[in-house]
Amino acid sequence: MRYDFTSHMERHGKDSIAVDGLGTGFAPEPPEEGFDVIPMWVADMNFPTVPTVTDAIIERAKHPAFGYFSATDEYYDSIIRWQETRNGVTGLAPEHIGYENGVLGGVVATLNSFVAPGDKVLLHSPTYIGFTKSLENNGLSIVHSPLKIDEDGVWRMDFEDMEAKLAQNDIHAAVFCSPHNPCGRVWERWEVERAMELYRKYDCVVVSDEIWSDLILPGHRHVPTQSVSDDARRRTVALYAPSKTFNLAGLVGSYHVIYDKSLRDRVTSRSSKCHYNDMNVLSMHALVGAYRPEGYEWLDELT
């Protein structure tokens, strides 16, 4: 392999909560004396990122001015090319892409565009703790539809339960996680189609968290939620980021894909209200560096 995924990378003293943040905030307590930390409690990785990320940041940092800026054509082209090559997405244009400080911020901005505190939102369980905290912090009521194990030991959505919950609770918003966190399922196309048909039937705005779509083992393929039907394309806000894929969470930078103009106008209007959902110039260059040809090769070797 071209890239090194076996050498130990020392992270102590390098701004890493994974190894230096134990015993503070939401981190677990440190191990007993004499034992080292196994930093698997938080979702970043212990591999160096692809070198084109650091190259891009260093090259930009050589210019000693960091004033106001706009996202470049290269930024949008990098995302469009990545989505087409990795996920088979067609018809994606710069106007469909919008910056988000984080996927959870995009989830909250979308939901708050269509629901009010006290309203119910459908999520599958087990549920990522970030969804739980962010929705509850905004006064939303979570209704869980538990996943179930089929006769082959595979976790599946319980479509009958989903429909019952949507109907009984008058739910018109859902958070869909694809691939699913934490169970790890890469949904098959028929599963996404059936879920989206239910969301269409009950007129739900769908927030599809697809941040894990790059980290898929060989033999599986991510099916973008928006790709399964024209209706899914119209009612879904999809959220992506290079942060999990390339270990860039500390740089902050996610993006949404929203095709429907009315939906996009409402979400972008809501997300602008805080006045700090703005991109960092080095984060932009990091994404461009990650989405270079070397990043495709690095990711294939990683998985």
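Calculation rules
Residues numbered from 1 in each chain as written. Predicted model: local features only at pLDDT ≥ 70, side-chain atom pairs only at ≥ 80, totals over all residues. Heavy atoms only, no water. Buried < 20%, exposed > 50% of the residue type's maximum accessible area, 1.4 Å probe, protein only. Helix = DSSP H or I, 4+ residues; strand = E, 2+ residues; numbered from the N terminus. Pairing = 2+ DSSP bridges. Right-handed = clockwise from strand over helix to strand, strands pointing away. 1 Å grid on protein atoms, 1.4 Å probe; cavity = no way out; pocket = protein on both sides within 12 Å on 5 of 7 lines; lining within 4 Å. Points joined across faces, edges and corners; volume = space filled by probe spheres on them. Nonpolar A, V, L, I, M, F, W, Y, C, P; charged D, E, K, R; others polar. Axes fitted to C-alpha atoms, helices over the stretch in contact; angles between N-to-C directions. Parallel < 35°, antiparallel > 145°, perpendicular 65-115°, else oblique. Left-handed = near helix turned anticlockwise from the far one by under 90°. Contact = heavy atoms within 4.5 Å. Salt bridge = Lys/Arg side-chain N within 4 Å of Asp/Glu carboxyl O. Phe/Tyr/Trp six-rings, centres within 6.5 Å; stacked < 30°, edge-to-face > 60°. Lys NZ or Arg CZ within 6 Å of the ring centre and 35° of its normal.

1. Quick word on the pairing of strand 2 (residues 120-125)
Argument step 1. Here strand 2 lies mainly inside the structure; five of its six residues are buried.
Argument step 2. Direction of pairing for strand 2 relative to strand 3 (residues 141-146): parallel, over a ladder of six bridges. Each residue of the ladder has a partner; that of Ser125, found in strand 3, is Pro146.
Argument step 3. In terms of handedness, the path from strand 2 via helix 5 (residues 129-137) over to strand 3 forms a crossover that is right-handed.

2. A word on empty space enclosed by the protein
Left-over empty space is what a probe sized like a water molecule reveals as it rolls over the atoms.
Argument step 1. Applying the stated criterion across every chain yields a total of three cavities of 30 Å³ or more.
Argument step 2. In this model, the largest cavity occupies a volume close to 90 Å³.
Argument step 3. What lines the largest cavity is a set of 14 residues, and nearest its centre among them are Pro242, Val252, Gly253, Ser283 and Leu287.
Argument step 4. Considering every element that reaches the lining of the largest cavity, the biggest residue donor is helix 11 (residues 281-290), with four residues.
Argument step 5. In terms of residue class, the lining of the largest cavity is built from ten nonpolar, four polar and no charged.
Argument step 6. Roughly 50 Å³ of volume is contained in the second largest cavity.
Argument step 7. Around the second largest cavity, the lining residues are Leu123, His124, Pro126, Thr127, Tyr128, Phe131, Val175, Cys177, His180 and Asn181.

3. Description of the packing of helix 4 (residues 103-114) against helix 10 (residues 261-272)
Argument step 1. Running from amino to carboxyl end, helix 4 crosses helix 10 at an angle of 110 degrees, the nearest separation of the two axes being 8 Å. As judged from the angle between their axes, helix 4 and helix 10 are roughly perpendicular. Classified by chirality, the crossing of helix 10 by helix 4 is right-handed. Taken together, the residues of helix 10 that come into contact with helix 4 (itself represented by Ala109, Thr110, Asn112, Ser113 and Phe114) are Leu263, Arg266, Val267, Arg270 and Ser271.
Argument step 2. When the residues that make up the contact of helix 4 with helix 10 are grouped by side-chain class, the tally is four nonpolar, four polar and two charged.

4. Looking at the pattern of salt bridges
Argument step 1. Under the defined criterion, the tally for this structure stands at 18 salt bridges.
Argument step 2. Residue Asp44 pairs with Arg11 through a salt bridge whose shortest N-O separation is 3.1 Å. Of this pair, Asp44 sits in the loop between helix 1 (17-20) and helix 2 (51-61) while Arg11 sits in the segment before helix 1, placing them 33 residues apart in sequence.
Argument step 3. Residue Asp44 is classed as partly exposed on the basis of its relative accessible area, which comes to 26%.
Argument step 4. The shortest N-O distance in the salt bridge between Glu191 and Arg185 comes to 2.7 Å.
Argument step 5. Given the relative accessible area of 0%, Glu191 is considered buried.
Argument step 6. Via salt bridges that share partners, Asp150, Arg156, Arg185, Glu188 and Glu191 belong to a single interconnected network.

5. Considerations on the packing of aromatic side chains
Argument step 1. Here the structure, examined in full by the defined rule, presents 14 aromatic pairs.
Argument step 2. Arranged with centres 5.5 Å apart and planes meeting at 55 degrees, the rings of Phe5 and Trp298 form a pair that is tilted. Of the two residues, Phe5 sits in the segment before helix 1 while Trp298 sits in helix 12 (residues 293-302), which places them 293 residues apart along the sequence.
Argument step 3. You can call Phe5 buried: its relative accessible area is 13%.
Argument step 4. When the ring of Phe26 is compared with that of Trp41, the centres are 5.7 Å apart and the planes differ by 70 degrees; the resulting orientation is edge-to-face. Here the residue Phe26 occupies a position in the loop between helix 1 and helix 2, and Trp41 occupies one in the loop between helix 1 and helix 2, the gap between them amounting to 15 residues.
Argument step 5. The class for Phe26 is exposed, based on a relative accessible area of 62%.
Argument step 6. Looking at Trp41, the relative accessible area reads 24%, which means it is partly exposed.
Argument step 7. Three or more aromatic residues link up through ring pairs in this structure, and these residues are Phe5, Phe47, Trp82, Phe246, Tyr291, Tyr296 and Trp298.
Argument step 8. In this arrangement the basic side chain of Arg86 is found over the ring face of Trp82, its NZ or CZ atom lying 5.3 Å from the centre.
Argument step 9. Its guanidinium or amino end placed over the ring of Tyr259, Arg233 lies 3.6 Å from that ring's centre, counting from NZ or CZ.

6. A few points about the layout of surface pockets
Argument step 1. In this model, the largest pocket occupies a volume close to 1,400 Å³.
Argument step 2. Taken together, 41 residues make up the lining of the largest pocket; nearest its centre are Ala43, Asp44, Lys244, Ala249 and Gly250.
Argument step 3. Partitioned by chemical class, the residues of the lining of the largest pocket number 20 nonpolar, 13 polar and eight charged.
Argument step 4. Estimates place the volume of the second largest pocket at around 370 Å³.
Argument step 5. For the second largest pocket, the lining is made up of 19 residues, of which Gly184, Trp212, Leu215, Ile216 and Lys244 are closest to its centre.

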